[in-house]
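For reference, the chains in residue letters:
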Amino acid sequence: MPWQSKLKSDTCITRKEKKPNCQGLHYKSPCDVQASESMATSRLLVNYPEPYRSQILDYLFKPNFGASLHILKVEIGGDGQTTDGTEPSHMHYALDENYFRGYEWWLMKEAKKRNPNITLMGLPWSFPGWLGKGFNWPYVNLQLTAYYVVSWIVGAKYYHDLDIDYIGIWNERTFDSDYIKVLRRMLNYQGLQQVKIIASDNLWEPIAASMLLDPELLKVIDVIGAHYPGTHTVKDARLTEKKLWSSEDFSTLNNDVGAGCWARVLNQNYINGYMTSTIAWNLVASYYEQLPYGRCGLMTAQEPWSGHYVVESPIWISAHTTQFTQPGWYYLKTVGHLEKGGSYVALTDGLGNLTIIIETMSHKHSKCIRPFLPYFNVSRQYATFILKGSFSEIPGLQVWYTKLGKPSERFLFKQLDSLWLPNGSDSFTLELQADELFTLTTLTTGTKGSYPLPPKSQPFPRIYKDDFNVDYPFFTEAPNFADQTGVFEYFTNMEDPGEHRFTLRQVLNQRPITWAADAYNTISVIGDYKWSNVTIKCDVYIETPQTGGVFIAGRVNKGGILIRSARGVFFWIFANGTYRVTGDLAGWMIYALGQADIRAKKWYTLTLTIKGHFSSGMLNGKPLWTNVPVNFPKNGWAAIGTHFFEFAQFDNFYVEAMG
C-alpha cells in the first residue's frame, strides 16, 4: 500500500518536520469550498436525452456521488457573447420581462433538486443594450442597472423558488463603487438582505484598495472574488478581513494535466492565498468543441445527438475535497507545503470530524492555462502527520487515492483500506510519489458513483432538419443551435396561421452592452465543424423593410469571442431587392452580388450548396448564382443569421452533409 502507520508523540495535527503549534485546536478560516461556473458552456446539455442528461447532472451535483459541487455560479444572461455563445436576458427590452428564457433557471433547479444546500451565485457578463442608453456601458443609470439585476434575483424566487445567495457586479470588467452601494440599498429595500455581494470578479486590485479607502464600500461587499490568482492574494485584500475567493479558475483542458492543475489550486489557493472557495470555469464542456476553450469543463458532454459523455478526471479531483467537506467547515492553521513538493490542508466541522487532503502534483502535470507557473520540483518523500486534542482520539481514517499519469499506474478516486490508529497512536506516515492525491477523513459517506457506459461517440447527423413546430417549448432555444451573436428563440407567428405559424426568430433589435467582440451581425451555428461539402436549406422572413437582411451559411470556421472574424460561405438576401455572397460574416469579402425579387415581410426559401472549391445558391428553388469559387475555409459549421440586430424569422431548416 502507498501508506503506512507510525507511532509519534508530538501533540497536534501538523507535519513532523514543522514545529507544532499546540495551544489547543486552532481554526482559521471558514471554508466555502469548491464550485463551478455555467455560462453558454452548458448550451448542449439541455438537449441530452434521458437517462443520460440526469446522469450527467448527478455526476456534477449529487452529494457523495461525483463532483458533489457546493456552489453553482451562473451567468445572468445579457444577450451578449460571453466566450462560447450568448445567453438570453430576462429583459431584452425596457418593458419586457420573461423568467423562462435560456437554461440557467433549469440548471439551478436541477442542482437544487440534487443538493438542496447548494449555494447559488449570479454574475452578469453582458447587459441588454437598452440599459446603456446609447453607450456600451452598464453604469449610465445606476438605479436602472441595479433594478435589472435585482429583478433577476426576485424572478428566480417568484417563478422558480430559487434563493440566490451571492450576486456579482460585471465579469472581468470595470466596477463602479457607487453602483455597488446602490445595488446593496436596492437589495435591502426588496427584503433581500441575505443576498451577499461579491466583487469584482477581476483582479485583487483596485477593488481591495478601494474598499480600504471607502468604509461604506467595505461594508457592502461581503466577498472579494479574483480570477486566476495563481494561488496568491495581495496585502490589501487580506487587510479588508473579508472572505477571499478564487471566483474563476481552472479553464484548462480536462485531461490529466487539467486535473493536476485543479488538484494543485484547490489546495494551494488556501495555503498561499487564504482563499476559502475556488470556482472552476467551466461546469461542463457542453458546447461545440471547436469553440474557444473546447473541453475546458470538469467533464465533457458535447454530443446530445448520441447521448455520449465522458466523466473526466477533474470530476474525481473535485470529489477529494467536496465529498469530505462542506461550506461552514474550518481550515486548520496547520496547513502548508510538503518538504519535497506538494501541499496539504486539513479541515474540520468543529464537531470532531477531520479531513486531510494531500496533493503532490508535479510542475509538468499541473500547469493551468493561466497564469504562468514558476518551476518547482516534486520527488518521493515520507510525510508524518500527528493528531492532538480531540483528534488524538480518532480511531481511524478513510483513505481515498488518485494517481495521475501513465495509464498502467493511473487510479481515480479509489478507496483504499482504512488507516487504523491503535490506542496510543496519534500519528501516521504516508509514502508520497509525484502526481498523487490523498484524502484522509473521518467521514464514511464517500462514494465513487457510476452508471453504465453511455452510448458511443457519434458525429452530428449528416442529415438534420428542424421545422420548429413546438407549441409550448420547455426551452426557448431550438436544439443544437448555438447563438454566437444575437438571440434566436422559438416564436409563435400569430399573423401566419399556416405553414409558418411556429418559427425561430432573432429577437434582438439593439446591440447589447458587450463583454466580448460581438459581431455586428447576428449568427447561430449548428452541426459538425468537420463538414465540408454541404447543402443548407432554410425558409427566411425579413421583418425590417429596406434595410433588413438575412443569411444562411456553411463552412463557418470561428465562433465564441472570435465570431467577428468568422470566415465561411455566406448567402445573404436583403429587403432592398439585392443578394450577396461573401467569404466572411462581416461582409467585406464579396464573392458575388446582384438583384433579386426580394422584399420584407414575405417568406423565401434559400438553398446553399458547397462542394469542393465551388458554391451555388438558389432562391425559391431556382438558381440565383452558380459556381462561385471557394478556396477557404475547407470546413466549418452551418449557420443562420441577420444583417444587423433586427427581427427576422427562420423555418424548415435543413442541412445535408456529403463529407
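Every chain is numbered independently, its residues counted from 1 as its sequence is written. Two thresholds apply to this predicted model, a pLDDT of at least 70 for residue-level local features and 80 or more for giving and counting side-chain atom pairs, whereas whole-chain, interface and lining totals are computed over all residues. Side-chain measures here rest on the full set of heavy atoms in the structure, leaving out hydrogens and waters.

An unreviewed UniProt entry lists the chain under the name Galactocerebrosidase, with Equus asinus given as the organism. The chain has a UniProt comment under Sequence similarities (unreviewed entry) that states "Belongs to the glycosyl hydrolase 59 family." UniProt positions are given in the numbering used here, feature names are shortened, and annotations may be inferred rather than shown by experiment.

Engineer: Looking at this structure, I do not really get the overall build of the chain. What am I missing?
Structural biologist: Scanning the chain for helices and strands turns up nine helices and 37 strands. Here the chain has a C-alpha radius of gyration of 27 Å; the compact-globule value for 659 residues is 26 Å, and the two agree. In what follows, residue pairs with any heavy atoms lying within 4.5 Å of each other are defined as contacts. Looking at the chain alone, contacts between residues at least 24 apart form 73% of all its contacts between residues at least 6 apart. Each accessible area is a Shrake-Rupley estimate made with a 1.4 Å probe; only the visible protein chains count as cover when residues are assessed. On the chain, roughly 24800 Å² of surface is accessible, and the fraction owed to carbon and sulfur atoms is 53%. By the counting scheme adopted, Arg and Lys are positive, Glu and Asp are negative, and His together with the chain ends is not counted. To locate a charge, take NZ of a lysine, CZ of an arginine, CG of an aspartate or CD of a glutamate. Counting 61 positive and 61 negative side-chain charges, the chain places the centres of these two groups 5 Å from one another. In DSSP terms, a helix is any run of H or I states spanning at least four residues, a strand is any run of E spanning at least two, and both are numbered starting from the N terminus. In this setup the radius of gyration rests on C-alpha atoms only. A globule is expected at 2.2 Å times the number of residues raised to 0.38.

Engineer: I'm lost on the side chain of Glu 477 in this one. Help?
Structural biologist: Tracing the chain through its elements places Glu 477 in the loop between strand 23 (463-466) and strand 24 (482-485). In this structure, Glu 477 is in contact with Arg 43, Thr 86, Pro 88, Gly 102, Tyr 103, Asp 483, Phe 488 and Tyr 490, ignoring residues within four places of it in sequence.

Engineer: What is the right way to look at the UniProt feature "domain: Glycosyl hydrolase family 59 catalytic" (unreviewed entry) in the chain in this model?
Structural biologist: The positions that UniProt labels "domain: Glycosyl hydrolase family 59 catalytic" (unreviewed entry) are, in the present scheme, residues 36-323. Spanning residues 36-323, this segment combines 34% helix with 17% strand, and its end C-alpha atoms are found 15 Å apart.

Engineer: What am I meant to see in unusual backbone geometry here?
Structural biologist: Excluding glycine, a negative phi dihedral is what most residues carry, and trans is how most peptide bonds are arranged. Each neighbour pair has its own omega, and for Ala 199 with Ser 200 the value is 0°, a cis peptide bond. Summarising the element assignment, Ser 200 is placed in strand 8 (residues 196-202). A cis amide bond links Trp 281 to the next residue, Asn 282, at an omega of 10°. Mapping Asn 282 onto the fold places it in the loop between strand 11 (277-281) and strand 12 (300-303). One non-glycine residue, Asn 64, lies in the positive phi region at around 55°. Topologically, Asn 64 is positioned in the loop between helix 1 (52-61) and strand 5 (71-76). Residue burial is assigned from relative accessible area. The probe radius is 1.4 Å, only protein chains are included, and a residue is buried under 20% of its type maximum, exposed over 50%, and partly exposed in between. Judged by its relative accessible area of 27%, Asn 64 falls in the partly exposed class. Despite not being glycine, Asn 480 shows a phi value in the positive range, around 75°. For Asn 480, a relative accessible area of 7% translates into the label buried.

Engineer: Is there a simple way to think about the sheet that holds strand 30 (residues 567-574) in this case?
Structural biologist: Paired strands, as defined in this entry, are two strands with at least two bridges between them according to DSSP. If you walk across this open sheet you meet the seven strands as 24-27-36-29-30-31-32, and the pairing is antiparallel. Bordering the open sheet on either side are strand 24 and strand 32 (590-595), each of which pairs with just one other strand. Pairs of neighbouring strands in the sheet enclose a mean axial angle of 20°, with direction left out of account. Where strand 24 and strand 27 (residues 522-526) come together, three bridges link them in antiparallel fashion. Residue Thr 485 lies in a different strand from strand 27, and its bridge partner there is Ile 523. Angles shown run from 0 to 180 degrees and are taken between the N-to-C directions of axes, each axis being a line fitted to C-alpha atoms and, for helices, limited to the stretch in contact.

Engineer: How should I be thinking about the state of the cysteines in this particular structure?
Structural biologist: Put plainly, a disulfide is one covalent bond tying together the sulfur atoms of two cysteines. The disulfide definition used here is simple: a pair of cysteine sulfur atoms within 2.5 Å. The full count for this structure, using the stated rule, is one disulfide. Each disulfide pairs two cysteine sulfurs, and for Cys 261 the partner residue is Cys 368, the sulfurs being separated by 2.1 Å. Taking the sign of the torsion about the S-S bond as the criterion, the disulfide between Cys 261 and Cys 368, at about 100°, is right-handed. Of the two residues, Cys 261 sits in helix 8 (residues 256-273) while Cys 368 sits in the loop between strand 17 (354-359) and strand 18 (381-386), which places them 107 residues apart along the sequence. Free cysteine: Cys 296, not disulfide-bonded; nearest cysteine sulfur from Cys 261 at 9.7 Å.

Engineer: Please explain the packing of aromatic side chains as it appears in this structure.
Structural biologist: Aromatic rings considered in pairs are described by the distance between their centres and by the relative angle of their planes. What counts as a ring pair is set by centres within 6.5 Å for rings of Phe, Tyr and Trp (its six-membered ring), and what kind of pair is set by the plane angle: stacked under 30 degrees, edge-to-face over 60, tilted for all other angles. Under the criterion given, the structure shown has 48 aromatic pairs. Ring centres of Phe 385 and Phe 428 lie 5.5 Å apart, and the angle between their planes is 20°; this geometry places the pair in the stacked category. Taken together, the residues Phe 385 in strand 18 and Phe 428 in strand 21 (residues 427-432) connect sequence positions 43 residues apart. Ring geometry for Tyr 529 versus Trp 637: centroids 4.7 Å apart, planes at 65°, classification edge-to-face. Of this pair, Tyr 529 sits in the loop between strand 27 and strand 28 (534-542) while Trp 637 sits in strand 36 (residues 637-642), and the two are 108 residues apart along the sequence. Owing to a relative accessible area of 0%, Trp 637 belongs among the buried residues under this scheme.

Engineer: In this structure, what is going on with the UniProt feature "active site" (unreviewed entry) in the chain? I would like to understand it.
Structural biologist: Those residues carrying the UniProt feature "active site" (unreviewed entry) are Glu 172 and Glu 248 in this numbering. What stands out for the annotated residues spanning 77 residues is how close their C-alpha atoms remain, the widest pair being 9.9 Å apart. Of note, Glu 172 is situated in the loop between strand 7 (166-167) and helix 4 (177-189). Look past the residues within four positions of Glu 172 in its chain and what remains in contact with it is Ser 200, Asp 201, Asn 202, His 227, Tyr 228, Glu 248 and Trp 515. Mapped onto the fold, Glu 248 is located in strand 10 (residues 243-250). In this structure Glu 248 touches Glu 37, Trp 125, Asn 171, Glu 172, Ala 226, His 227, Tyr 228, Pro 229, Ile 279 and Trp 281, once residues within four positions along its chain are discounted. A polar contact of 2.6 Å, which involves the side chain of Glu 248, links it to the side chain of Tyr 228. Two N or O atoms count as a polar contact when they lie within 3.5 Å, although within protein this holds only if one can serve as hydrogen donor and the other as acceptor, and sequence-adjacent residues are included solely when both atoms are side-chain atoms.

Engineer: Help me understand the pairing of strand 17 in this model?
Structural biologist: Within a regular strand, the side chains alternate between the two sheet faces. Within strand 17, six of the six residues are buried, which leaves it mostly tucked inside the rest of the structure. Residues Leu 354, Ile 356 and Ile 358 point to one face of strand 17 and Thr 355, Ile 357 and Glu 359 to the other, with burial holding for every one of them. As judged from the six bridges shared by strand 16 (residues 343-348) and strand 17, these two strands associate in the antiparallel manner. Its bridge partner being in strand 17, Val 345 is matched across the sheet by Ile 357. Remark: five residues form the turn of the hairpin made by strand 16 and strand 17, two consecutive strands paired antiparallel; Gly 350 in that turn has positive phi of roughly 80°. Where strand 17 and strand 22 (residues 436-441) come together, five bridges link them in antiparallel fashion. Each residue of the ladder has a partner; that of Thr 355, found in strand 22, is Thr 441.

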